[in-house]
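# Fold and geometry: a report
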Amino acid sequence: MAKKGNKKKELSRIANLTKGFFKENPIFVFLLGMCPALAVTSSMETGLGMGILVIVVLTSSNIVISLIKNLIPEQVRVPSFIVIIATFVTIIEMLTQAFALDLYNALGIFLPLIVVNCLILGRAEAFASKNGPVASALDGLGMGIGFMLALILIGFTREVLATGAVAYGVYLPLGIEGSLINIDSYVLSMDVFVGPAGGFIVIGLWLAMFQAFSNRNTRKKADARKRWIEEKKHQAAERKRKKAMKEAGETS
Amino acid sequence: MSITVFFVAIISSMLINNVILMRFLGICPFLGVSKKTESAVGMSVAVMFVMVIASIVTYLLYYYVLEPNNITYISTIAFILVIASLVQLVEMFIKKVSKKLYKSLGIYLPLITTNCAILGVVELNIASGYPTDYGVLQGLFVASTAAFGTALGFGLIIFAFSSIRERLDSANVPEAWKGVPISLVIAGIMALAFLGLGGIV
């Protein structure tokens with residue numbers, strides 16, 4: 001019995017980590033943290049950098065908040081969470097300035113604005129203030145990775161549509177420079193996708209795709225359920241008929 | 001300093017560098033409370049309140065407290081604290097002064113703390129470096145004018161967008177595009193339209 005419980009716990013830990021990737025993806029499902037998702041995804045690499053920073057801030061703030069959640073009075077909960085998050089943001093702001101100056105310049109004011117990223121405060125409020133440090137760390141890591149995946153997806157689409165290539169090593173200090181794919185085509189040079197309009201449209205397209213998939217899934221599930229109910233009804237009717245026949249046979 | 005400085009500040013922060021469509025700040029309330037025109041107007045009035053007061057307070061805080069003491073690196077923490085407490089104060093003030101106003105704005109006020117438009121405008125005010133152009137005290141007037149213009153731009157877009165969304169409710173939209181996806185594409189088209197205002201000032 002104890003072994004079974006352990007297994008269940010292990011499973012829920014993995015679920016804690018992976019739920020943020022697709023099922024509860026912060027951007028495509030909950031629409032949290034849309035401002036950076038639109039603003040820093042004009043190239044894939046800035047999106048990746050922002051994703052990494054958010055993972056660091058989210059995981060560490062989740063751990064700290066879950067550790068001191070019992071010390072914070074109920075009335076000043078949100079301001080204290082914000083101060084904790086702001087402290088971590090200030091730390092990574094300084095680290096980014098020291099080790100990745102290009103990324104620091106590219107992100108601009110969106111680096112300090114991680115403080116008001118709804119995703120981070122949302123996880124602090126919804127998860128870290130109710131769960132233990134390990135679960136909160138896993139939750140923060142998973143949600144952060146989901147956020148990063150979404151940013152990479154959006155950034156990739158925008159950069160390919162705008163330039164026909166995906167450059168790396170420009171903003172992050174990777175040590176090597178180059179481009180991932182390189183399509184030389186006049187079709188793939190739509191400047192509009194670097195600009196703000198392209199950001200809105202690309203996110204709209206991806207959201208529509210996610211919505212189409214989830215719609216199809218729910219329809220499938222509803223169909224399966226309907227079929228199951230029909231079958232049960234049919235079985236019940238069959239049983240009733242048999243019983244009635246039996247009774248009829250007994251009386252005659 | 002002539003009056004044109006203020007005029008330019010308002011036009012450029014309201015239309016050319018529109019806070020939602022060009023700078024991507026405040027997208028959450030833009031998508032969240034734009035389903036009805038009424039709530040959109042309430043939200044933008046509350047944002048205007050907090051944005052102007054917050055930019056005045058943080059400007060003074062930065063140039064009279066943080067910079068002389070060489071502690072500008074804690075500016076983000078200081079600013080977010082100022083905004084959070086300001087929101088609380090404004091909420092209490094409105095509650096005391098007008099019950100009616102409180103009822104219509106009350107639910108939006110707590111949301112403003114995490115509205116990135118407020119912190120974004122505050123940070124942009126500091127990053128613009130107004131004191132080098134106009135002097136510290138006159139820079140304050142330009143900064144607050146820019147904040148006012150930004151809030152006007154926020155209100156304009158969120159109002160226009162909510163009107164479009166109300167029309168959209170009765171439109172025949174494909175199932176996959178219903179709700180947020182089609183709204184985002186509409187916002188993209190609005191952003192394209194606003195690109196045309198680029199050369200005004």
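### Focus on the overall build of chain A
Scanning chain A from terminus to terminus reveals eight helices and two strands. Overall, chain A shows an N-to-C arrangement of helices and strands of α-α-α-α-α-α-α-β-β-α. Computed over the C-alpha atoms, the radius of gyration of chain A is 25 Å, more than 25% above the 18 Å expected from 2.2 N^0.38 for a compact globule of 252 residues. Principal axes of the C-alpha set define a box for chain A whose edges measure 95 × 60 × 35 Å. Burial statistics for chain A: of 252 residues in total, 43% are counted as buried. Roughly 13800 Å² of accessible area belongs to chain A as shown, and the carbon and sulfur atoms make up 64% of that amount.

### Describing the confidence of the model for chain A
Mean pLDDT over chain A stands at 87; residues scoring 70 or higher make up 95%. Per-residue pLDDT, averaged within each element of chain A, yields its smallest value for helix H1 (residues 2-18) of chain A (68) and its largest for helix H3 (residues 44-68) of chain A (93).

### A closer look at the packing of aromatic side chains
All names here are of chain B. For the coordinates displayed, the defined rule picks out seven aromatic pairs over all chains. Here the aromatic rings of Tyr-62 and Phe-79 are separated by 6.2 Å at their centres, their planes lie at 50°, and the arrangement is tilted. With Tyr-62 in helix H3 (residues 37-66) and Phe-79 in helix H4 (residues 75-97), this residue pair connects regions lying 17 residues apart in the sequence. Phe-79 sits in the buried class, given a relative accessible area of 1%.

### Some details on helix H6 (residues 118-128) of chain A
Counting buried positions over the eleven residues of H6(A) gives eight, a clear majority of the element. All of the buried residues in H6(A) are A:Cys118, A:Leu119, A:Ile120, A:Leu121, A:Arg123, A:Ala124, A:Phe127 and A:Ala128.

### Some points on the nonpolar core
Residues A:Phe110, A:Ile114, A:Phe200, B:Ile27, B:Phe30 and B:Ile112 are the most contacted members of the largest nonpolar core, which totals 115 residues. Residue contacts for B:Ile27: discarding those within four places in its chain leaves A:Met34, A:Cys35, A:Leu38, A:Phe200 and B:Ile20.

### Observations concerning the packing of helix H4 (residues 77-99) of chain A against H4(B)
Packing of H4(A) against H4(B) brings their axes to within 8 Å, and their N-to-C directions diverge by 155°. Our classification of the angle between H4(A) and H4(B) gives roughly antiparallel. In the crossing of H4(A) with H4(B), the sense of the turn from one axis to the other is right-handed. Along its contact with H4(A), which presents A:Ile82, A:Val83, A:Ala86, A:Thr87, A:Thr90 and A:Glu93, the element H4(B) presents B:Thr76, B:Ile77, B:Ile80 and B:Leu81. Considering only residue class, the contact of H4(A) with H4(B) consists of six nonpolar, three polar and one charged.

### Some details on a positive patch on the surface
Residue and element names in this part refer to chain B. Taken together, the side chains of Lys-95, Lys-96, Lys-99 and Lys-103 present a region of like positive charge at the surface. For the positive patch, the secondary structure elements donating two or more residues are H4 and helix H5 (99-105). As for its placement among the helices and strands, Lys-95 is situated in helix H4.

### A closer look at the interface of chain B and chain A
Counting residues at the interface gives 35 residues for chain B and 34 residues for chain A. For the pair chain B and chain A, the two sides together bury roughly 3100 Å², of which 84% comes from carbon and sulfur. Summed over the three residues of chain B that lose the most area to chain A, namely B:Phe24, B:Thr114 and B:Leu184, the buried surface amounts to 20% of that side. On the surface where chain B and chain A come into contact, there are one salt bridge. Notably, a salt bridge pairs B:Glu175 with A:Arg219, separated by 3.8 Å at the nearest N-O pair. Take the side of chain B that touches chain A: its biggest share by element is eight residues, from helix H10 (residues 180-195) of chain B.

### Focus on the side chain of B:Glu123
As for its placement among the helices and strands, B:Glu123 is situated in helix H7 (residues 116-128). Residues within four places of B:Glu123 in sequence aside, it is in contact with A:Ile109, A:Pro112, B:Thr76 and B:Phe79.

### Overview of unusual backbone geometry
A positive phi angle is found at A:Leu31, which is not glycine, with a value near 55°. Locating A:Leu31 in the fold gives a position in the loop between H1 and helix H2 (34-39).

### Things to note about the pattern of salt bridges
Residue and element names in this part refer to chain A. One pass over the structure, following the stated rule, counts six salt bridges over all chains. Here Asp-139 ties to Arg-123 by a salt bridge, and the two come within 3.0 Å at their closest N and O atoms. Of this pair, Asp-139 sits in helix H7 (residues 133-163) while Arg-123 is found in helix H6, placing the two residues 16 residues apart along the sequence. Note on Arg-123: relative accessible area 10%, which makes it buried. In the salt-bridge network here, residues are joined through shared partners; they are Lys-19, Arg-123 and Asp-139.

### Quick word on the side chain of A:Thr46
Here A:Thr46 is to be found in helix H3. For A:Thr46, a relative accessible area of 5% translates into the label buried.

Analysis parameters
- Residues numbered from 1 in each chain as written.
- Chains lettered and ligands numbered in written order.
- Predicted model: local features only at pLDDT ≥ 70, side-chain atom pairs only at ≥ 80, totals over all residues.
- Heavy atoms only, no water.
- Helix = DSSP H or I, 4+ residues; strand = E, 2+ residues; numbered from the N terminus.
- Rg over C-alpha atoms; globule rule 2.2 N^0.38 Å.
- Buried < 20%, exposed > 50% of the residue type's maximum accessible area, 1.4 Å probe, protein only.
- Areas by Shrake-Rupley, 256 points an atom, 1.4 Å probe, with all protein chains shown as cover.
- pLDDT = per-residue confidence, 0-100.
- Phe/Tyr/Trp six-rings, centres within 6.5 Å; stacked < 30°, edge-to-face > 60°.
- Core = buried A, V, L, I, M, F, W, Y, C linked by side-chain atoms within 4.5 Å.
- Contact = heavy atoms within 4.5 Å.
- Axes fitted to C-alpha atoms, helices over the stretch in contact; angles between N-to-C directions.
- Parallel < 35°, antiparallel > 145°, perpendicular 65-115°, else oblique.
- Left-handed = near helix turned anticlockwise from the far one by under 90°.
- Nonpolar A, V, L, I, M, F, W, Y, C, P; charged D, E, K, R; others polar.
- Patch = residues over 30% accessible without salt bridge, like charges linked within 9 Å, V, L, I, M, F, W, Y side chains within 5 Å.
- Salt bridge = Lys/Arg side-chain N within 4 Å of Asp/Glu carboxyl O.
- Lys, Arg positive; Asp, Glu negative; His and termini not counted.
- Charge placed at Lys NZ, Arg CZ, Asp CG, Glu CD.
- Buried area = accessible area lost by both parts, 1.4 Å probe.

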